[in-house]
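Remarks on the overall topology
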Amino acid sequence: MNNQPDPTVLESPGGPRAYTVTPSDEGLQTLEISLGPQHPSTHGVFRMDIVVDGETVIKLKPVFGYLHRNHEKIAESTTWLGTMPYTDRLDYFCSMSNNWGYALAVEKLAGIQVPERAEYLRVIMAELTRIVNHTCLVGFFINDLGAWGTPLLYAFREREKILDLFEAASGARMMCNYMRFGGCRVDVPAGWLDQARKIVDEYPAFLDEFEKLICGNEIIMARTQGVGTLSPALAVNSSMTGPMLRASGVAYDLRKHAPYGIYSQFDFRIPLGDVGDCYDRYFIRLLEMRESLKILKQALDKIPEGPVSADIKIRNFKPAAGEAYSRIESPKGELGFYVISDGSTRPHRYHVRGPSFVNLTVLEDMCLGQKIADAVVILGSIDIVLGEVDR
Amino acid sequence: MDFPGKGLISGLAVTGKNFLESFQGGDGLTTVQYPEEKIKVQEAYRNFPFLVYDESPDQLRCVACKICEKECPPQCIYIIEDKEVKGKAQRRPRVFDIDFTVCMGCQICVEVCPFEAIKMDQVYELSSFNRFEDQLKHKEDLLKSSEYYEEIHPTEGKAVNAKIRAQLEKKKKADEAKAAVIPSEPQAGS
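As a starting point, this report considers the structure included with it. What you see is a predicted model; the values in this text were computed from it and never measured.

A few points about helix H3 (residues 95-110) of chain A
Residues and elements named next belong to chain A. Look at H3: 22 Å from first C-alpha to last across 16 residues, which is about the 22 Å you get at 1.5 Å a residue. The buried fraction of H3 is high, at 14 of 16 residues. Directly beyond the C-terminal end of H3, a positive phi value near 65 degrees is found at Gly111.

Concerning the pairing of strand E8 (residues 322-330) of chain A
Residues and elements named next belong to chain A. Bridge count for E8 against strand E9 (residues 333-341) is 9 bridges, and the pairing is antiparallel. Bridge pairing in E9 links Glu329 to Glu334. Counting the residues between successive antiparallel strands, the hairpin from E8 to E9 contains 2 residues.

Looking at the environment of B:Val52
All names here are of chain B. Secondary-structure assignment places Val52 in strand E1 (residues 49-53). Sequence separation between Val52 and Tyr148 is 96 residues, and the spatial gap between their C-alpha atoms is 8.7 Å. Sequence-distant contacts of Val52, that is, excluding residues within four places in its chain, are made with Leu60, Arg61, Glu116, Ala117, Lys119, Lys144, Ser145 and Ser146.

Here we look at a nonpolar patch on the surface
Nonpolar side chains collect at one region of the surface, where A:Ile219, B:Phe3, B:Leu8 and B:Ile9 lie side by side and expose about 360 Å² of accessible area between them. With respect to the secondary-structure elements, B:Leu8 resides in helix H1 (residues 6-24).

Structural notes on the interface of chain A and chain B
On the chain B side, the residues contacting the 31 residues of chain A number 29 residues. Taking both partners together, chain A and chain B bury about 2400 Å²; carbon and sulfur atoms supply 51% of that area. Its salt-bridge partner being B:Glu111, residue A:Arg180 comes within 2.6 Å of it at the nearest N-O pair. Seen at the junction of chain A and chain B, the total is 17 residue pairs in polar contact (both at pLDDT 80 or more). Elements with a minimum of two residues in the side of chain A that touches chain B: helix H2 (84-88), helix H5 (150-170), helix H6 (192-215) and helix H7 (218-224) of chain A.

Remarks on the layout of surface pockets
Size it by volume and the largest pocket reaches roughly 1700 Å³. Around the largest pocket sit 45 residues that line it, and A:Arg157, A:Glu160, A:Lys161, A:Asp164 and B:Thr30 are the ones nearest its centre. Of the residues belonging to the lining of the largest pocket, the class tally is 17 nonpolar, 11 polar and 17 charged.

Quick look at the side chain of B:Glu116
Residue and element names in this part refer to chain B. Examined against the element boundaries, Glu116 turns out to sit in the loop between helix H3 (108-112) and strand E4 (118-120). Polar side-chain contacts of Glu116 include one of 3.3 Å to the side chain of Lys163. If near-sequence neighbours (up to four positions away) are discounted, Glu116 is found in contact with Val52, Arg61, Val160, Lys163 and Ile164.

Quick notes on the pairing of strand E3 (residues 89-99) of chain B
Residues and elements named next belong to chain B. Direction of pairing for strand E2 (residues 77-83) relative to E3: antiparallel, over a ladder of 6 bridges. Paired with Ile80 across the bridge in E3 is Val95. Of the strand pairs in this sheet, E3 and strand E5 (residues 136-137) are connected by 2 bridges, and their pairing is antiparallel. Considered in E5, the bridge of Asp99 is made with Leu136.

So, the environment of B:Gly7
Locating B:Gly7 in the fold gives a position in helix H1. Overall, B:Gly7 belongs to the buried group, its relative accessible area being 10%.

Comments concerning the sheet that holds strand E10 (residues 349-353) of chain A
All names here are of chain A. Read across the sheet, 3 strands follow the order E8-E9-E10 without closing on themselves; strand pairing throughout is antiparallel. One side of each edge strand has no neighbouring strand; the edge strands of this open sheet are E8 and E10. With direction set aside, neighbouring strand axes in the sheet form an average angle of 10 degrees. Note: E9 against E10, 5 bridges, orientation antiparallel. When the bridges of E10 are listed, Gly336 appears paired with Arg353. Taken strand by strand, H3 contacts E8, E9 and E10, and its axis lies near 150 degrees from that of E8.

Thoughts on a negative patch on the surface
Residues and elements named next belong to chain B. A cluster of acidic residues, Glu55, Glu169, Asp175 and Glu176, forms a negative patch on the protein surface. You can see Asp175 is positioned in helix H6 (residues 154-189). We classify Asp175 as partly exposed; its relative accessible area is 42%.

A few points about H5(A)
All names here are of chain A. In this model, H5 (21 residues) spans 30 Å end to end at C-alpha, consistent with the 30 Å of a helix rising 1.5 Å per residue. Taking burial as the measure, the 21 residues of H5 include 15 buried ones, the bulk of the element. In the segment just after H5, Gly171 is the residue with positive phi, at about 105 degrees.

Considering the nonpolar core
Counting 117 residues, the largest nonpolar core has A:Tyr178, A:Phe181, A:Trp192, A:Tyr282 and A:Leu363 as its most contacted members. Counting residues per element, this core draws most heavily on helix H4 (residues 116-144) of chain A, at 14 residues. With residues near it in sequence (within four places) discarded, A:Tyr178 still touches A:Met96, A:Asn99, A:Leu121, A:Met125, A:Ala169, A:Ser170, A:Cys184, A:Arg185, A:Val186, A:Asp187 and A:Val188. In terms of nonpolar packing, the next biggest core, distinct from the first, is built from 22 residues, B:Leu51, B:Tyr53, B:Cys76 and B:Cys113 among them.

Regarding the side chain of A:Glu119
All names here are of chain A. By the secondary structure assignment, Glu119 is in helix H4. Buried charge without a partner: Glu119 forms no salt bridge, and the closest opposite charge is Arg122, 4.9 Å away. Filtering out sequence-adjacent residues up to four positions away, Glu119 remains in contact with Trp100, Val114, Gly261 and Ile262.

Details of the packing of aromatic side chains
Here the distance between the centres and the angle between the planes together describe a pair of aromatic rings. Residue and element names in this part refer to chain A. Under the counting rule described, the total for this entry stands at 24 aromatic pairs over all chains. Consider the rings of Tyr92 and Phe93, whose centres lie 5.6 Å apart with planes at 50 degrees: the pair is tilted. By relative accessible area, which is 27% here, Tyr92 ends up partly exposed. Aromatic side chains Phe93 and Phe140 sit 6.3 Å apart centroid to centroid with 55 degrees between the ring planes, which places their arrangement in the tilted category. Here Phe140 lies in helix H4 and Phe93 lies in the loop between H2 and H3, a separation of 47 residues in the sequence. Residue Phe140 is classed as partly exposed on the basis of its relative accessible area, which comes to 24%. Each member of the aromatic cluster is reached from another via a ring pair, and the members are Trp100, Tyr120, Tyr260, Tyr263, Phe266 and Phe268. Looking at Arg157, its charged tip hangs above the ring of Tyr154, at a distance of 5.1 Å from the centre.

So, how was this worked out
Residues numbered from 1 in each chain as written. Chains lettered and ligands numbered in written order. Predicted model: local features only at pLDDT ≥ 70, side-chain atom pairs only at ≥ 80, totals over all residues. Heavy atoms only, no water. Helix = DSSP H or I, 4+ residues; strand = E, 2+ residues; numbered from the N terminus. Expected span 1.5 Å × (residues − 1). Buried < 20%, exposed > 50% of the residue type's maximum accessible area, 1.4 Å probe, protein only. Pairing = 2+ DSSP bridges. Contact = heavy atoms within 4.5 Å. Patch = residues over 30% accessible without salt bridge, like charges linked within 9 Å, V, L, I, M, F, W, Y side chains within 5 Å. Areas by Shrake-Rupley, 256 points an atom, 1.4 Å probe, with all protein chains shown as cover. Salt bridge = Lys/Arg side-chain N within 4 Å of Asp/Glu carboxyl O. Buried area = accessible area lost by both parts, 1.4 Å probe. Polar contact = N/O pair within 3.5 Å; in protein donor to acceptor, adjacent residues only side chain to side chain. 1 Å grid on protein atoms, 1.4 Å probe; cavity = no way out; pocket = protein on both sides within 12 Å on 5 of 7 lines; lining within 4 Å. Points joined across faces, edges and corners; volume = space filled by probe spheres on them. Nonpolar A, V, L, I, M, F, W, Y, C, P; charged D, E, K, R; others polar. Axes fitted to C-alpha atoms, helices over the stretch in contact; angles between N-to-C directions. Lys, Arg positive; Asp, Glu negative; His and termini not counted. Charge placed at Lys NZ, Arg CZ, Asp CG, Glu CD. Core = buried A, V, L, I, M, F, W, Y, C linked by side-chain atoms within 4.5 Å. Phe/Tyr/Trp six-rings, centres within 6.5 Å; stacked < 30°, edge-to-face > 60°. Lys NZ or Arg CZ within 6 Å of the ring centre and 35° of its normal.

Dropping the structure here:
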């Protein structure tokens, strides 16, 4: 392999030391491939500039920005409330968690207390979102490996049941715009909680079916095990969060380590990976869904009656001058919102720390020395959404 | 017992089971034949806003206060207030346009409206042959009755309509009382 140092020992007058040189580029025939931005495996408009030697990746440069929509600038020129529907469009699989992250930042800034029922509803929505996101991810990941259609559509079939719940509660399947400063927009309709309980009870059957369908498949194992290994040290040093980090065996979950909302009241555990390869990153998501179901069961059993929103006037909302940073464990990792208020109706500064964007930075490290077909699989296992990467 | 290809075969068994279940209908079949069959939309479903009127289309609830225009995040609402020749405000819109190509259906206009005048519609078949003009909806296209609103959002609509009708009734009585008092004054003086 050409990117490995040549093991030739060089002579040195200072004693026997193993000095080496990299191989010369003479005679090396490389090919530069531009994968994307319209390539179907790049999950949106994302481009990878890959240099290959034969089939081996020797250089990879991620190029993004094709979906840049001025999210932060738009937020700074609209009202505090007006930014809420735009956060739906960051990571469009997880609009509920994005809403929560932003609402949390503004609540911290304005010192708003959230009623207990709203806290429970938020946890229920966020965990359902986690299940939706991970269900999609496992489907798309298998799709990237070449198993066209079947596992993805099984995953989408289950996801649609949860999206129906979102629609009944908020009015939209994906762009929910459900959370408000001080609670949730409306209470869930009658019978919603029973419907949610039914879906939560039935979900493990789907996870079992999915595991049986594909997880023991010999082709999947050969394609993913030992591919794109991410060491715990590199994962920590490059600020990985979420399932990416936990697949490398580092126990870090904001729900446990910096609890927000009412997460400290629930009993759940953090699944950790062993090797940190693509298979671990894929399987950790299936395990996380089971933990989310545990949280959901507890939350649906304990949810109290009461108001779902603090008494906040929504027109002309002006928090006091100051700054706040809030972070939540979104399904993809640590999602942070940083807001500065100058006491007016619009944010003075608004910044988003998107987990997909940060997780994408180790793509080259994981792909070097792998085959070009594996680069697609490794990208799929990171779980990026371009809406959040480019913003 | 493990043998090579066991994972593949057990996966195919799952596919086969799902394939057979899809013929039985019920839970196994999750799709419908769309243009012929339609799934009933949920009560909370929303897509684009419409304007509510009581009794007749010229009795709009909207008073052209322009709060929704100001609060709309993508700025898709355009309102001109109706004024008489002398410039006296009529408290009703002369122009009320919503650009459906810009609207993102976030429902913020509905939330901020103090007069319950704008609500979310549930009509989703909105394709047109023209890309821009047909999607720019004017006041006439947006007008819908309060009965229609109650029909698509039964729980929420009933309460809101009852409240508004009570207000209208009260106003009507006050107007009648006023009208009854004014002509009687000169008679008393003469």
